[in-house]
Amino acid sequence: MWLLNLPVVLWRRLLLLGQGIGAALVLAGDAVAALLRGSGPVGARLAALFAAPAGQRRVFAVLRLVQPNLRFGRVLVTAYANSGTAIVTRRDDVIDILSRDDEFGVVYGPRMKTITDGENFFLGMQDTPRYTRDVSNMRLVVRREDVPEVVAPFVAREARGRVAAAGGRLDVPQALTLPVAAGLLDRYFGTPGPSQAAMVEWTTTLFWYLFLDLQADPALDARAKAAAAAFREWLGAHIAARKASGEARDDVLGRCLALQASGTPGMDDRAIRDNLIGLLIGELPTTSAAAILALDELLDRPAALAGAQAAARSGDDAALAAHVFEALRFRPLNPVIYRRAMCETTVAPGTLRARRIPEGTMVFAANLSAMFDPLAVPRPGRFRTDRPWDTYMLWGHGLHLCFGAHLNRATLPGLLEPLLARPSLRRAEGARGRIDTQGTPFPVHLDVVFEA
Ligand code: HEM
């Protein structure tokens, strides 16, 4: 049997080699072009090259070939304590890191505690009884059957109405993805916030602070602390008001209060507040941003866009979803997931690529790279809509796999479906037709035009 597998193994190794060498040549060419043609500081021009999704994919292709488990003493992340950095790029090793919870722990605890003014949230917890208690309580109130019964119909209705009202031109984050994701906070979670603008500002700033502020920017620190204080105050008062009203609503907050009334441990007012803060930070900016990234990627790929549009028009939900998630494979919201080594250990033990990892090392498990590893993913550079679902590592893996994973599979295609169904969908002219983040890590504007 192993003899029969030999040609496949050799072919995959050849692909790894070809991909790595090809990527190195393109990167070198792009770097020379950026140096000769661009304007502004050289470092910034090169950084922009490598920060772009295609540049990241090429860097990972080179690393998978020459140094699949790279480790260096330099500390890249200053927001969370660590003693050095490692980047893990092969799919098997990325999965391994995200499965060895007793050796590679989550780091977010300190900032979670700053946000709640004391308590951790389950994404910041190691695999402990407290983690199981909190995540189980939240699974009792955010139920899988809500996706087809409540969430998907809400998203479909809202998205349809917003696209129909747009009159042929739409600023997609402002007029579609952010308001619909914020609408879910009201309709489904029962936590509308004082205004949509406040919810967007609080959740976006706090997501940025927790996951993207790797250099611990003091200005963002102040902004995040102010957002967290306002969020806590509003949500605490909202929970108290709901309880005082005696109203029994079947939304996530209402179910939390029902659990509290039944004496379920870990569900006092403050715990409900802290759990909801964590969930809402996870829900709003991510849902909007991921939908925009998928759309942006499709707009750059005429054949894939045509396929997605045909699926949207014919109501083929599975085909539409396949296009959206394949687009996200090229542009995942999180290209890496980070963990800290809780003891001295080894990545890929017993292999030629084995690498010792000292205690305290910050390990970037590159899920983007894992989704392009030719040793595990057939024809990774091709846009294909027939990939098995387990190809996709769009929202983590293992213990801390995204709590909203089932929601995402419905909300992302659902948000985009009515827009993709429109004839002549294209970018608006000039800069308005490109993602504008307004200095944040999230899409704030992207205008498209279509036949109304
Ligand atoms: C497309 C949108 C989303 C993306 C790209 C995304 C991404 C992720 C990723 C990468 C992780 C793993 C983090 C890690 O292991 O360090 C994660 C975990 C998590 N996400 Fe999401 N997420 C999305 C939507 C949501 C939604 C809608 C919710 C809330 C309903 C949510 C709540 C959470 C929570 C609570 C965790 C922690 C799970 C745990 O620790 O067990 N996310 N997400």
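Residues numbered from 1 in each chain as written. Predicted model: local features only at pLDDT ≥ 70, side-chain atom pairs only at ≥ 80, totals over all residues. Heavy atoms only, no water.

Asker: An account of the overall build of the protein is needed here, citing residue identities and associated values.
Answerer: Helix and strand content of the protein: 16 helices and ten strands. Computed over C-alpha atoms, the radius of gyration of the protein comes to 23 Å, within 12% of the 22 Å expected from 2.2 N^0.38 for 452 residues, which places it in the range of a compact globule. With the principal axes as the frame, the protein shows a C-alpha extent of 65 × 55 × 55 Å. Considering the protein as a whole, with its 452 residues, one finds that 51% of them fall into the buried category. For the protein, the proportion of contacts with a sequence separation of at least 24, taken over those separated by at least 6, is 71%. As presented, the protein carries roughly 19,600 Å² of accessible surface, and 58% of it is formed by carbon and sulfur atoms. Charge separation in the protein, taken as the distance between the mean sites of 52 positive and 45 negative side-chain charges, equals 6 Å. (Helix = DSSP H or I, 4+ residues; strand = E, 2+ residues; numbered from the N terminus. Rg over C-alpha atoms; globule rule 2.2 N^0.38 Å. Buried < 20%, exposed > 50% of the residue type's maximum accessible area, 1.4 Å probe, protein only. Contact = heavy atoms within 4.5 Å. Areas by Shrake-Rupley, 256 points an atom, 1.4 Å probe, with all protein chains shown as cover. Lys, Arg positive; Asp, Glu negative; His and termini not counted. Charge placed at Lys NZ, Arg CZ, Asp CG, Glu CD.)

Asker: Run through the site of the ligand, naming residues and quoting values.
Answerer: Residues in contact with the ligand amount to 28 residues; listed here are only the nearest, Tyr108, Tyr131, Arg339, His400 and Cys402. One nitrogen or oxygen atom from the side chain of Tyr108 is found 2.6 Å from an oxygen atom belonging to the ligand. Contact distances for the ligand include 2.6 Å between an oxygen atom and a side-chain N or O atom of His400. Where the shell around the ligand is concerned, the elements lending two or more residues are helix H12 (269-299), strand S5 (337-341) and helix H16 (405-420). (Near = heavy atom within 4 Å. Polar contact = N/O pair within 3.5 Å; in protein donor to acceptor, adjacent residues only side chain to side chain.)

Asker: I'd like to hear about the coordination of the iron atom of the ligand, residue by residue, with values.
Answerer: There is one protein donor for the iron atom of the ligand, namely Cys402 (SG), at 2.3 Å. Positionally, Cys402 belongs in the loop between helix H15 (367-370) and H16. (Donors = N, O, S within 2.8 Å, 3.2 Å for Na, K, Ca; no water.)

Asker: Please set out the sheet that holds strand S10 (residues 447-449) residue by residue, giving values where relevant.
Answerer: Read from one edge to the other, the open sheet built from three strands follows the order S4-S10-S9, with strand pairing classed as antiparallel. The open sheet has two free edges, formed respectively by strand S4 (169-171) and strand S9 (426-427), since each of these has just one partner strand. Relative to S10, S9 is paired through two bridges, and the arrangement is antiparallel. If you follow Arg427 over to S10, its bridge partner there is Val448. (Pairing = 2+ DSSP bridges.)

Asker: Explain the pairing of strand S8 (residues 361-365) to me, and be specific about the residues and the numbers.
Answerer: When a strand is regular, its side chains alternate between the sheet's two faces. Most of S8 sits inside the fold, with five of its five residues counted as buried. The pairing of strand S2 (residues 84-88) with S8 spans five bridges and is parallel. The residue of S8 that forms the bridge with Thr85 is Met362.

Asker: Can you explain unusual backbone geometry? Please cite residues and give values.
Answerer: The backbone of Ala348 sits at a positive phi, close to 55°, despite the residue not being glycine. In this structure, Ala348 sits in the loop between strand S6 (345-347) and strand S7 (355-357). Ala348 sits in the buried class, given a relative accessible area of 5%. Notably, Ser424 is not glycine yet its phi reads approximately 55°, a positive angle. Position of Ser424 relative to the elements: it lies in the loop between H16 and S9. Given a relative accessible area of 36%, Ser424 falls into the partly exposed group.

Asker: I'd love a proper account of the side chain of Arg242, names of residues and values included.
Answerer: Tracing the backbone through its elements, the reader meets Arg242 in helix H10 (residues 218-245). Residues in contact with Arg242, not counting those within four places in the same chain, are Gly190, Glu247, Arg249, Asp251, Leu253, Gly254 and Leu257.

Asker: Let's hear about the pattern of salt bridges: which residues, and what values?
Answerer: In the structure shown here, the tally under the stated rule is 33 salt bridges. Between Asp30 and Arg58 there is a salt bridge, and its shortest N-O distance comes to 3.4 Å. Here Asp30 is found in helix H1 (residues 2-37), whereas its partner Arg58 is found in helix H3 (residues 53-66), with 28 residues between them in sequence. Among the residues examined, Arg58 registers a relative accessible area of 27% and is labelled partly exposed. Close ionic contact of Arg273 with Asp274 constitutes a salt bridge, the shortest N to O distance being 3.1 Å. Under the relative-accessibility criterion, Arg273 is labelled buried at 13%. Classification of Asp274 by relative accessible area gives buried; the value is 5%. In the salt-bridge network here, residues are joined through shared partners; they are Asp296, Glu297, Asp300, Arg301, Arg331, Arg427 and Arg434. (Salt bridge = Lys/Arg side-chain N within 4 Å of Asp/Glu carboxyl O.)

Asker: Which residues make up the side chain of Arg273, and what values do they have?
Answerer: With respect to the helices, strands and loops of the structure, Arg273 is situated in helix H12. Only 3.1 Å separates the side chain of Arg273 from the side chain of Asp274, close enough to count as a polar contact. When sequence neighbours within four positions are dropped, the list of residues in contact with Arg273 reads Thr116, Arg232, Leu235, Gly236 and Ile239.

Asker: Talk me through the packing of helix H8 (residues 172-189) against helix H9 (residues 196-212); I want residue IDs and the actual numbers.
Answerer: One way to put it is that H8 packs onto H9 with a least axis distance of 10 Å and a crossing angle of 95°. Between H8 and H9, the crossing angle belongs to the class labelled roughly perpendicular. Contact residues: Leu178, Pro179, Ala182 and Leu185 in H8; Gln196, Met199 and Val200 in H9. Tallied by class, residues from the contact of H8 with H9 come to six nonpolar, one polar and no charged. (Axes fitted to C-alpha atoms, helices over the stretch in contact; angles between N-to-C directions. Parallel < 35°, antiparallel > 145°, perpendicular 65-115°, else oblique. Nonpolar A, V, L, I, M, F, W, Y, C, P; charged D, E, K, R; others polar.)

Asker: Please provide a residue-by-residue account of the packing of aromatic side chains, values included.
Answerer: Enumeration according to the criterion identifies 17 aromatic pairs in this entry. Ring centres of Phe325 and Trp389 lie 5.1 Å apart, and the angle between their planes is 75°; this geometry places the pair in the edge-to-face category. Note that Phe325 is positioned in helix H14 (residues 317-330) and Trp389 in the loop between H15 and H16, a separation of 64 residues in sequence. On the basis of relative accessible area, Trp389 is assigned to the partly exposed category, the value being 31%. Plain terms: the ring middles of Tyr338 and Phe364 are 5.9 Å apart, the flat faces sit at 55° to each other, and that makes the pair tilted. A residue pair is termed long-range when its members are at least 10 positions apart, and Tyr338 in strand S5 and Phe364 in strand S8 qualify at 26 residues. Neither residue differs from the other here; Tyr338 and Phe364 are each classed as buried. (Phe/Tyr/Trp six-rings, centres within 6.5 Å; stacked < 30°, edge-to-face > 60°.)

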